[in-house]
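Chain by chain, the residues run as shown.
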Amino acid sequence: LYTGPMRILVVDDDADIRDTLALLLEANGHEVLAAANGHEALRRMDEQPEFVLCDVEMPGLKGFDVLERVRARPDGRTV
């Protein structure tokens, strides 16, 4: 259970939504990593986010597919 600032990966193909979420999260002390699609999100997992906030409906790799692949990673069970 996290009680302080976290490194959060925000995944959304809509730049306005992605930027707004990033601004709100950063204003509350969190470090934000951003990805515009599912493939970019999986590449950014090497930066060890503690939380993933992911859009469900994206072109290409859908949000549920991203989360399934995150959980399959050795470090994915704690995300």
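If you're wondering where the values come from, they're calculated on a predicted model, not measured in any experiment.

**Let's talk about the pairing of strand β2 (residues 31-35)**
And step 1. Both strand β1 (residues 7-11) and β2 contribute to a ladder of 5 bridges, which runs parallel. Its bridge partner lying in β2, Arg7 is registered against Glu31.
And step 2. Crossover β1 to β2 through helix α1 (residues 15-27) is right-handed.

**Quick notes on helix α3 (residues 63-72)**
Because each turn of an α-helix spans 3.6 residues, side chains separated by three or four positions end up pointing in the same direction.
And step 1. Buried residues of α3: Gly63, Val66 and Val70, and no others. Projected down its long axis, α3 shows its buried positions confined to an angular sector of 60 degrees, all on one face. The exposed set on the far side of α3, more than 90 degrees from its buried face, consists of Phe64, Glu68, Arg71 and Ala72.
And step 2. Tucked into the core, α3 has its buried residues touching α2 (38-44) and β3 (51-54).

**As for the pattern of salt bridges**
And step 1. Under the counting rule described, the total for this entry stands at 5 salt bridges.
And step 2. The residue Glu47 makes a salt bridge to Arg44 at a minimum N-O spacing of 2.7 Å.
And step 3. Of the charged contacts in the structure, one is a salt bridge between Lys62 and Glu57, with a shortest N-O distance of 3.8 Å.
And step 4. In the salt-bridge network here, residues are joined through shared partners; they are Asp46, Arg73 and Asp75.

**Here's the deal with the nonpolar core**
Most often, soluble globular proteins have nonpolar side chains that are buried together.
And step 1. Judged by nonpolar contacts, the single largest core of 13 residues is most densely connected at Leu9, Val11, Ala41, Val52, Cys54 and Val66.
And step 2. When residues no more than four places from it in sequence are discounted, the contact partners of Val52 are Leu9, Val11, Met45, Leu67 and Val79.
And step 3. Judged by nonpolar contacts, the second largest core, of 6 residues, contains Met6, Ile8, Val10 and Val32.

Definitions and cut-offs
- Residues numbered from 1 in each chain as written.
- Predicted model: local features only at pLDDT ≥ 70, side-chain atom pairs only at ≥ 80, totals over all residues.
- Heavy atoms only, no water.
- Pairing = 2+ DSSP bridges.
- Helix = DSSP H or I, 4+ residues; strand = E, 2+ residues; numbered from the N terminus.
- Right-handed = clockwise from strand over helix to strand, strands pointing away.
- Buried < 20%, exposed > 50% of the residue type's maximum accessible area, 1.4 Å probe, protein only.
- Arc of directions from axis to C-beta.
- Contact = heavy atoms within 4.5 Å.
- Salt bridge = Lys/Arg side-chain N within 4 Å of Asp/Glu carboxyl O.
- Core = buried A, V, L, I, M, F, W, Y, C linked by side-chain atoms within 4.5 Å.

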